[in-house]
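Structure assessment
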Amino acid sequence: MSKLFLKLYQFLDGHKGLALTIAVLYLGLMSFLATGIQLEEDITKLVPSGNDQDLLKTILEESKFSDKIIFRVKAEENTDRDSLVSYANEISEFLNSELSEHVAGVKGKIPEQDIKQIYNFVQSNLPIFLNEQDYAIIDHKIEADSIAASIESGYKQLISPTGFVTKNYFLSDPLNITSLGLARLQELQVGDQYVLYQNYIMTKDQKNILFFIDPVYPASESNRNKEFTSKLEAKIASLNARYDTITGDYFGGLRYSVANADQIKQDIRTTVMIAITVLLILLVVYYRKFYVPILLFLPSIFAGITAVAILYILQGSVSAISLGIGAILLGITLDYSLHILTHLRNSSDIEKLYKDISKPVIMSSLTTAIAFMCLVLVKSEALHDLGIFASLSVLFSSFFALVLIPFLYKPEILSRKTTFLDRISSLDYSRIKPLVYLLSGLFVVSLFFFSKVEFNEDLSELNYQPEHIKKVELELEGLAGRSGKTILLVAYGNSLDEALYRNNKLYQDLKRFENEGDIENFSSIGGVVLSTETQESRIEQWNSFWTPEKQDSVKNNIQKISESFGFKSNSFSNFEEVLDKNYSSIGLKDYEL
């Protein structure tokens, strides 16, 4: 092995121009490939993978929980609520026009027609929205006395000033059975902290308006989302300046993702600069020449760029986190150059140099690379990338150090003056008894405490959480009245129908937990969006309840009683259609009003 490096050195030393040309071309090619690599800034890459973790990751990606953005318009004391609406209108218009390439939709303002549309939808599919308890109420409503009371109440509403609003609802359902189905939709709301004002969701104290933004790009694509957050925050700053007593802000996983990406980049720059600065200072002090330490970094630079280029060829992307952690490699890879320089400092015999250190340097790099390669077996994408990057960097650093250092450094240019580092390294520490006793004592004491170290199991600590974003998050939780921890539950299956069936079972369990006081409240579509099997079961229950005899009795009683109030015989024909309709199950698309 030493002969191989010696022959390579002799060839390069005899053809210096060619050697420098090859080095420049090689570095240019590797740099070109390295610049094409895509840096992934997703903090979840550090989380270990596995069957359960992969399933969870798939569910989160499909459901896009972490991508949702909550936007809040907040007013100070004595602020007109119409000003809140004006601010909300402006920011909504900006999101839908100026940021349309980043925003898939803005939800929060409910159109007027949607209220009537929701009513018609529930009435058209009424059996699906009724449960067993509802039929006990209906049984009471269809008694003759109850029918008379309902029609009398409806008649009084029709002749009142609000009659033009309630007319269609009363004529289509004089017994108000549809309201039982509409009650299922109220279960989608957590608590009663909100009201509607000018179709916006507003807190009861009329100081906050909330709406929701669906971004086009997932939270993990921080590069694209950076442009979105920058433009949105610039617009918020402009509106905040114009509305003295109103401020806007937003919260979501996307905002944390962008903040984490910025912090990761800053941390990489900071750690690398600190490492380079400290090493340069030590090396300049030791060698008393500024250019020598700079040249010492060349093998590490060549190796690092080569490693990134190979990663680009192999997988096209790499975790930015792994590159940031890779800053520790500077200290490791620089050792190889230092070993060679130390030998050159003591002897200018190149042949002896390669004979003495070729095998130790190569073996050292191999063992270190193998240790790093063990990270490939860890089920974490970021650590997997780190293992490959570190292994390649260490191997190539040893190779480039053996090739470049003897070629570029000549023993005669090196300082032979004794430095304080020489004096420190020349000490025989094994003869300093107090130091030996101190280290032995520390070791014995450590035996009693090392097992008491606890691991932080809170994955949220992986995230960088800026104070201003955390503050918004806590304020939004306060608006929602959350005194405890919010937990997201997901039902999944091999098909949509299976997932809906499981979600309905989950809904029933949560309903029981709420009644027993184990949870404060919950919001779920499990009582509204049902599987085909559950829908057909409820339709069958409807058909069993409404026997022909019962239908005829109700129709006759309604017609007889209503005539005494002056209604025509066909006034309640729409309600009769509800009773006569042949219902069938509906698909998920039908719920999307």
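What comes next is a walk through the structure. (Residues numbered from 1 in each chain as written. Predicted model: local features only at pLDDT ≥ 70, side-chain atom pairs only at ≥ 80, totals over all residues. Heavy atoms only, no water.)

1. What about the overall build of the protein?
Selection criterion: Helix and strand assignments come from DSSP, with helices taken as H or I runs of at least 4 residues and strands as E runs of at least 2, each series counted from the N terminus. Between buried and exposed lies partly exposed: a residue is buried under 20% and exposed over 50% of the maximum accessible area for its type, with that area taken using a 1.4 Å probe on protein chains only. In this description, contact between two residues means that some pair of their heavy atoms is separated by no more than 4.5 Å. Note on areas: Shrake-Rupley, 1.4 Å probe, and residue coverage restricted to the protein chains presented here.
Summing up its helical and strand segments, the protein has 25 helices and 8 strands in all. When each of the 593 residues of the protein is scored for burial, the buried share is 38%. Long-range contacts, defined here as pairs at least 24 residues apart, represent 82% of the contacts in the protein between residues at least 6 apart. Only carbon and sulfur atoms are counted for the fraction: they give 58% of the accessible area of the protein, which is about 33,500 Å².

2. Focus: a nonpolar patch on the surface
The condition is simple: Any residue with relative accessible area above 30% and no salt bridge may belong to a patch, with like charges joined within 9 Å and the nonpolar Val, Leu, Ile, Met, Phe, Trp and Tyr side chains within 5 Å. Within this document, salt bridges are pairs made up of a side-chain nitrogen of Lys or Arg and a carboxyl oxygen of Asp or Glu, the two lying within 4 Å of each other.
There is a patch of nonpolar side chains on the surface, built from Phe443, Val444, Val445, Leu447, Phe448, Phe449 and Phe450 and spanning about 780 Å² of accessible area. For leucine 447, the position within the fold is in helix α19 (residues 433-449). Under the relative-accessibility criterion, leucine 447 is labelled partly exposed at 47%.

3. Here's the deal with the environment of isoleucine 294
Along the polypeptide, isoleucine 294 turns up in helix α12 (residues 291-296). Expressed as a C-alpha distance, the spacing of isoleucine 294 and leucine 283, which sit 11 residues apart in the sequence, is 8.9 Å.

4. Side note on helix α6 (residues 132-141)
Put simply, the test is: Summarising the geometry, the arc corresponds to the directions from the helix axis toward the C-beta atoms. Any pair of N or O atoms that falls within 3.5 Å is considered a polar contact. Within protein, one atom must be able to donate a hydrogen and the other to accept it, and sequence-neighbouring residues count only if both atoms are side-chain atoms.
Buried residues of α6: Asp134, Tyr135, Ile138 and Lys141, and no others. For α6, the buried positions fall inside an angular range of 110° around the axis, keeping them on one side. Residues of α6 that are exposed and point over 90 degrees away from its buried face: Glu132, Gln133 and Ala136. The distance from a side-chain oxygen at the start of α6 to the backbone nitrogen of glutamine 133 is 3.2 Å, and the residue carrying that oxygen is asparagine 131.

5. Re the packing of aromatic side chains
Where we set the bar: Between rings of Phe, Tyr and Trp, where Trp is taken as its six-membered ring, a pair exists when centres lie within 6.5 Å; planes separated by under 30 degrees are stacked, by over 60 edge-to-face, and by other angles tilted.
This structure, assessed with the given rule, holds 22 aromatic pairs. Note on tyrosine 155 and phenylalanine 567: the rings are 6.2 Å apart at their centroids and 80° apart in plane angle, and the pair reads as edge-to-face. Separated by 412 residues along the polypeptide, tyrosine 155 in helix α7 (residues 144-158) and phenylalanine 567 in the loop between α23 (548-563) and α24 (573-580) bring together distant segments of the chain. Relative to phenylalanine 400, the ring of phenylalanine 396 lies with its centre 6.2 Å away and its plane at 25°, an arrangement referred to as stacked. Here phenylalanine 396 and its partner phenylalanine 400 are both found in helix α17 (residues 381-408), 4 residues apart, which amounts to about one turn of the helix.

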